[in-house]
Amino acid sequence: MKGQFPIEKFKSLRTPFYYYDAELLRDTLRTIQGEVGRHANFFVHYAVKANANSILLKMIRQAGMGADCVSGGEIQAAIAAGFSPGDIVFAGVGKSDWEIILGLERGISCFNVESMAELEVINQLAGQLNTTARVALRINPEIGAHTHAHITTGLAESKFGIAIRDMEAVIERTLSMEHVRFAGLHFHIGSQILDLGDFHSLCNRINDLQLQLEQRHIMVESINVGGGLGIDYLHPNRVRMADFKNYFGTFARRLHLRPQQSLHFELGRAVVAPCGSLITRVLYIKQGVTKRFCIVDAGMTDLIRPALYQAYHKIENLSSNEPMETYDVVGPVCESSDVFAKHIDLNCCRRGDFIAIRSVGAYGEVMASGYNSRPLPQAYISDDL
Ligand SMILES: *Cc1c(COP(=O)(O)O)cnc(C)c1O
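Residues numbered from 1 in each chain as written. Predicted model: local features only at pLDDT ≥ 70, side-chain atom pairs only at ≥ 80, totals over all residues. Heavy atoms only, no water.

A. Spatial organisation of the layout of surface pockets. What the second largest pocket holds in volume is close to 300 Å³. Considering the residues around the second largest pocket, the lining is formed by 21 residues, among which Phe-43, His-45, Asp-87, Ser-109 and His-264 are closest to the centre. Elements that contribute at least two residues to the lining of the second largest pocket include exactly α2 (22-36), β2 (42-47), β5 (110-113), β6 (133-140) and β9 (222-224). For the lining of the second largest pocket, the element with the most residues is β2, which contributes four residues. Considering only residue class, the lining of the second largest pocket consists of nine nonpolar, ten polar and two charged. (1 Å grid on protein atoms, 1.4 Å probe; cavity = no way out; pocket = protein on both sides within 12 Å on 5 of 7 lines; lining within 4 Å. Points joined across faces, edges and corners; volume = space filled by probe spheres on them. Helix = DSSP H or I, 4+ residues; strand = E, 2+ residues; numbered from the N terminus. Nonpolar A, V, L, I, M, F, W, Y, C, P; charged D, E, K, R; others polar.)

B. Representation of the side chain of Asn-347. Considering the arrangement of structural elements, one finds Asn-347 in strand β15 (residues 339-347). Judged by relative accessible area, which is 14%, Asn-347 ranks as buried. (Buried < 20%, exposed > 50% of the residue type's maximum accessible area, 1.4 Å probe, protein only.)

C. Molecular detail of the pairing of strand β11 (residues 276-287). The pairing of strand β1 (residues 17-20) with β11 spans four bridges and is antiparallel. Residue pairing across strands places Tyr-20 opposite Gly-276, the latter belonging to β11. Note: β11 against strand β16 (residues 354-357), four bridges, orientation antiparallel. Each residue of the ladder has a partner; that of Leu-278, found in β16, is Ile-357. (Pairing = 2+ DSSP bridges.)

D. Molecular detail of the site of the ligand. Contacts to the ligand come from 14 residues, most closely from Lys-49, Ser-191, Glu-266, Arg-269 and Tyr-363. Between the ligand and the protein, one listed contact pairs an oxygen atom with a side-chain N or O atom of Lys-49 at 2.8 Å. One of the backbone nitrogen or oxygen atoms of Gly-228 is found 2.8 Å away from an oxygen atom of the ligand. Protein chains shield 94% of the accessible area of the ligand, which is 390 Å² for the free molecule. Taken together, the residues of the shell around the ligand sort by class into three nonpolar, six polar and five charged. (Near = heavy atom within 4 Å. Polar contact = N/O pair within 3.5 Å; in protein donor to acceptor, adjacent residues only side chain to side chain. Areas by Shrake-Rupley, 256 points an atom, 1.4 Å probe, with all protein chains shown as cover.)

E. Here's a closer look at the environment of Arg-254. With respect to the helices and strands, Arg-254 occurs in helix α9 (residues 244-254). Exposure remark for Arg-254: the relative accessible area of 38% places this residue in the partly exposed category. Along the sequence, Arg-254 and Leu-202 sit 52 residues apart, while their C-alpha atoms lie 9.3 Å from each other. Arg-254 has contacts with His-200, Cys-203 and Asn-207, leaving out every residue within four places of it along the chain. (Contact = heavy atoms within 4.5 Å.)

F. Looking closely at the packing of helix α7 (residues 167-176) against helix α8 (residues 196-215). Orientation of α7 relative to α8, taken along the N-to-C sense of each, is 55 degrees, at an axis distance of 12 Å. Classified by the interaxial angle, the pair formed by α7 and α8 is oblique. Crossing of α7 against α8: the hand is right-handed. Contact residues: α7 offers Met-167, Glu-168 and Ile-171, while α8 offers Leu-209, Gln-212 and Leu-213. Looking at side-chain class alone, the contact of α7 with α8 contains four nonpolar, one polar and one charged residues. (Axes fitted to C-alpha atoms, helices over the stretch in contact; angles between N-to-C directions. Parallel < 35°, antiparallel > 145°, perpendicular 65-115°, else oblique. Left-handed = near helix turned anticlockwise from the far one by under 90°.)

Rendered as structure tokens:
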């Protein structure tokens, strides 16, 4: 399965770089929109934080998705890529005044509000601008997702969202405000979730909350269930995309939407992760005392997920069909955590070989840093090579 990479074309490029398979992204977008299209009131907002590459953003926008932004910079990137402000939602626990003002001035569709304090500020700033902000309240559903502790967000102790026990008070306050309009409820339980039972639990929680609010005669216009659908990092060649059919089907079957209610999703990783690879060259092979190191020219500054979350990415030697050898694949950055994988088998590596680190389209390029004064990685789309 090395044929999908245009290695001849890579030879003239400086490594490391991100390489995006446009065909796979288009396939993924078609699949998502095909599944969403079965349900008249389902909408997907792409979570821009997963990958804000402008070419990918344009492809995603052309596929008909909205944008889910978590900063003023992302709102600007989304608008620059052609997303209509009416299709942009803005989330985050710590929105600065300038970011709220930007959202208000551009007329974004919704602020996902995470605290009473933030609600007061949005009401005040909207008043100053003589406008009304549509707000959804992000409720912490107190559901543990079966994923890495650093990327679970829906537990009671998490910094995200409004506690269930405060929900009614915050809604009452929202309804009493002059410059905000209550648009709905927002949830997000975590990321890289492969157990659809976690989304089923979220549906049960939302069903209960809806009944509770109906008893108080509170109407909810839209429900936003966030993102979090995971992908298969182990088998990128065999499992090309996430199981969108079962994901959307779970919500269609389990969530009791009221007539007129719309259901919003904020998928990030599942949209873009599979289509990206980090392409790097082997610099040196070093035989240590107990192990053999494959030292590559990409480092944790280009892809921090392995160092930050102990994330697994499949690694392949694109230049060799020689017998397998065992290596630790490491970068050049002066940190012991600058390791992409330990004790993995690769076709025998030599200086200059191209190595592909797979499934890095989400939370890869966007998290790159300039630590060690390293340049940011370049990015290429298969269409343009
Ligand atoms: C990060 C995030 C998402 C996207 O999560 P994925 O796991 O990439 O799908 C969606 N909504 C919110 C509020 C987020 O913080």
